[in-house]
Each structure stands twice: as structure tokens, then as C-alpha cells.
Amino acid sequence: MKPNTEQEDTAVPEDGGGTEAAPATPVLGEVLLAVEELWPQSLAEQWDAVGPVVGRSNAPVRRVLFAVDPVAEVVEEAIAWGADLLVTHHPLLLKPVNSVAASSFKGNIIHQLIEAGCALVTVHTNGDSAVGGVSDVLADALGLQHVKPLAPSANGLPEEGIGRVGELGEATTLGTFAETVFSLMPAVAGGVKVAGSRDALVRTVAVCGGAGDSLFDAVREARADVYVTADLRHHPASEAREAAVDGRPYLIDVSHFGSEWLWLTPAAAALENVLADQGYDVEIRVSGINTDPWDFILTPA
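Residue numbers restart at each chain and count upward from 1, following the sequence in its written direction. The predicted origin of the model limits local features to residues at a pLDDT of at least 70 and limits the giving and counting of side-chain atom pairs to 80 or more, whereas totals for whole chains, interfaces and linings rest on all residues. For the side-chain quantities, the full set of heavy atoms in the structure was used; hydrogens and water were omitted.

Stacked, tilted and edge-to-face are the three classes assigned to paired rings of Phe, Tyr and Trp, where Trp is represented by its six-membered ring and a pair needs centres within 6.5 Å; plane angles under 30 degrees give stacked, over 60 edge-to-face, the rest tilted. Evaluated as defined, the whole model comprises four aromatic pairs. An angle of 70 degrees between the planes, with centres 6.3 Å apart, marks the rings of W39 and F66 as edge-to-face. Linking W39 in the loop between α2 (28–38) and β1 (51–54) with F66 in strand β2 (residues 63–67), this pair joins segments that are 27 residues apart in sequence. F66 carries the same exposure label as W39, and that label is buried. Between the aromatic rings of W39 and W263, the centroid separation amounts to 5.5 Å while the plane-to-plane angle is 70 degrees, which identifies the pairing as edge-to-face. One end of the pair, W39, is in the loop between α2 and β1; the other, W263, is in the loop between α10 (256–261) and α11 (264–277), and 224 residues separate them in sequence. You'll find W39 and W263 in the same group, each marked buried. Chaining the aromatic ring pairs together yields one cluster made of W39, F66 and W263. Segments assigned H or I by DSSP are reported as helices when at least four residues long, segments assigned E as strands when at least two residues long, and all are numbered from the N terminus. Exposure classes here rest on a 1.4 Å probe applied to the protein chains alone. A residue is buried below 20% of its type maximum, exposed above 50%, and partly exposed in between.

Next up on the list: empty space enclosed by the protein. Cavities and pockets were defined on a 1 Å grid built from protein atoms only: a cavity is a group of points that admits a 1.4 Å probe but offers it no way out, a pocket is an open group of points flanked by protein on both sides within 12 Å along at least five of seven lines, and a lining residue is one with an atom within 4 Å of any such point. Grid points are joined across faces, edges and corners, and a volume is the space filled by probe spheres set on the points. The final tally for this structure, using the stated rule, is one cavity of 30 Å³ or more. Roughly 40 Å³ of internal volume is contained in the largest cavity. Lining the largest cavity are A67, V68, D69, V74, F257, W261, L264, S287, I289 and T291. A class-by-class count of the residues in the lining of the largest cavity yields seven nonpolar, two polar and one charged. When residues are sorted by character, Ala, Val, Leu, Ile, Met, Phe, Trp, Tyr, Cys and Pro go into the nonpolar class, Asp, Glu, Lys and Arg into the charged class, and all the rest, Gly among them, into the polar class.

This part is about the pairing of strand β3 (residues 85–88). Because side chains alternate across β3, one face comprises the buried residues L85 and V87, and the other comprises L86 and T88, equally buried. Strand pairing requires that DSSP identify at least two bridges connecting the strands. Note that β2 and β3 share four bridges and pair parallel. Residue pairing in the sheet places V64 in a bridge with L85 of β3. Handedness of the β-α-β unit built from β2, helix α3 (residues 72–81) and β3 comes out right-handed. Where β3 lies against strand β4 (residues 119–122), four bridges are found, and the strand directions are parallel. If you follow V87 over to β4, its bridge partner there is V121. Looking down the strands as they point away from the viewer, one classifies a crossover as right-handed if the path from the first strand across the helix to the second runs clockwise.

For helices, the axis comes from a line fit to the C-alpha atoms of the stretch in contact; other axes are also lines fit to C-alpha atoms, and the angle between any two N-to-C directions lies between 0 and 180 degrees. Packing of α2 against α11 brings their axes to within 10 Å, and their N-to-C directions diverge by 120 degrees. With respect to their mutual orientation, α2 and α11 come out oblique. Note on packing geometry: the crossing formed by α2 with α11 is right-handed. Along the contact surface, α2 presents V31, A34, V35, E37 and L38, while α11 presents A270, L271, V274 and L275. Here the residues of the contact of α2 with α11 are counted per class, giving eight nonpolar, no polar and one charged. Throughout, the term roughly parallel applies to angles under 35 degrees, roughly antiparallel to angles over 145, roughly perpendicular to angles from 65 to 115, and oblique to all others. With the far helix as reference, a near helix turned anticlockwise by less than a right angle produces a left-handed crossing, and one turned clockwise produces a right-handed crossing. Throughout, a contact is declared for two residues whenever any of their heavy atoms are within 4.5 Å.

The strand order across the open sheet formed by five strands is β1-β4-β3-β2-β11, and the pairing between neighbours is mixed. Each end of this open sheet is capped by a strand with a single partner; those strands are β1 and β11 (283–286). Across this sheet, the average inter-strand angle for adjacent strands is 25 degrees, counted without regard to direction. One ladder, built from four bridges, connects β2 with β11; its direction is parallel. Bridge assignment links V64 to a residue of β11, and that residue is I284. Contacts between α3 and the sheet are confined to β2, β3 and β11, with β2 contributing the most and set at about 160 degrees to the helix.

Turning to the sheet that holds strand β7 (residues 193–195), a few remarks are in order. Remark on secondary structure: sheet strands pair via backbone hydrogen bonds, oriented parallel or antiparallel. As summarised here, the arrangement of the six strands in space is β5-β6-β8-β9-β10-β7, forming an open sheet in which the pairing is mixed. Looking along the sheet, the strands with just one partner apiece sit at the ends: β5 (145–152) and β7. Within the sheet, the average angular offset between the axes of one strand and its neighbour, ignoring direction, is 25 degrees. One ladder, built from six bridges, connects strand β6 (residues 161–173) with strand β8 (residues 201–211); its direction is antiparallel. Along β8, the bridge assignment pairs E167 with T204. Where helix α6 (residues 134–141) meets the sheet, it contacts β5, β6 and β8, and its direction lies at approximately 150 degrees from that of β8.

Encoded structure:
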């Protein structure tokens, strides 16, 4: 007699177990709950604009793209890949607007996203302050120990806040340390600028991903030997050098984009893990586009 293969294939195992349920596809509202768990909006600075920008809460999310900037090229990349959600560090609409007409570049981006069914979410200063955020990733990459915030968050845990300060395993020269910083950054036109003697010894290190010249008082209070941040303007940097004690804190100025780009891969992995723990299957990737605004630089021979 011919065996009943259909019955054999569908039989329940003797131990009573069934087949494992296939991972589900979340909707945007469920992904936003995971984003809030990782990077609470309560950690954002008062002036900031974080959270969802466009997107329907009941729309399915199968693919998520992470990027630093919501610029046109990144949006085109997201749409071409078929992303249902674009998560960017920098806000598209930081300042209030009266129109999102497609005749403006920001309006055009919003139209492209909506027409393609791709949501946009901003994780900015809440992503800076949270545990595992931008400055934590930078501190970890530099091997800092005993890390704590430079400016603790008023609405968060003791370990949350803007910037970080910690200790290297052992003292090293400023020149060697600067080379380590340079090796971690993506290739950008501006490179890495350093203020201080190459041979000076450093061990206590303060870091702030993105523009950090508002934190000089906290850097001095932490008695940091060197401060790694981005977008150091002439006057704050000059005044910091004038106010330095024995030359400290020395300054290392990196690319704004580069200092925050380091966070993208750990952030994507963190969101993927949270969603997987909840039984969701989402494909997440990091944008391959360098959105640093500078193309080349001229330096003395």
C-alpha cells in the first residue's frame, strides 16, 4: 500500500510539540515602541525635534535603513532598497515650517517618502544621551573605562546624558591617541585636527559625538586631558586653549558626520535585537552613503 505521505508530514510529534511559529512582521507603531525603549524621547534636549516625521502607525515594516542625515541621496537609497522605515540621527524638520511643498528640498523629501510608503523617524539627542548612544559608542571605540556622562540627563538614569568622560587603560601621547581617533573615523575631507603637543601625555578623555563646544565647562570640571568632539568653532576653541591649565584639555576636532556615523551599526543591531525578542522579523541595514558635506580640503605643503 502506498504510504500516506501527507498524513506523515503533518503528524504532531510524540512529545506534543508543534512547529515553531514563523516570525511576524511588525507595523510602524510597534517599531516605534521599540525605538522608544532604546532611545526614550524624554532624553531629548528641549530644543530638539525627535520621533516620527512621516508614516502611518499601522503600516507594515519589513525593512529599516539607518543613516546620519535625511538628505536626498539617502532617501533615494532607502526607496530603491524598498525600505519601509528610514531612521536618521539628524532631524529633517528641526525648525518649524509653514509649508512642505515639493518645490523645497525638504518638502520634496517628504513627498518622496510618503509616495514610496517609507516612514521617517528621528533619533537625535535622545540617541546621544541614552545608554549605548552616540557618545557611549565613541567612548567604547576608544577603549575608555569608568565612563560617566559629561552632562547627566535631568530625565534619565545616572549613566545617561550628553557626552562621556573616562580613562584610557594606560597613558599615551596625544599624537598616538589622535592617530587612534583618526583610524576610527570614516574617510572625510576634513580629517582630524589637534590642538596640543604631540608628546603630551593623556589618560582622562572626554568625548561628545557631534557639536560639543557647549560642554567645555563640564570638560574642565572633569579634568580631562583631551576632549574629542566635532564642529569646534574658532572662538570657543581659542578661549578653551587660553583657559587651559598646563595645556589641558587638549582638543581633537573630528567630522560631525564621522563622530555620529560610528553609532549607526550598534544602533541598527540594538533595534534588530529588540524586535527579534518580540518575535518580529525585520531586515535592517546601515546606509553606505557618506553624508559629510565637504568634498576636499587644501592644506599647507
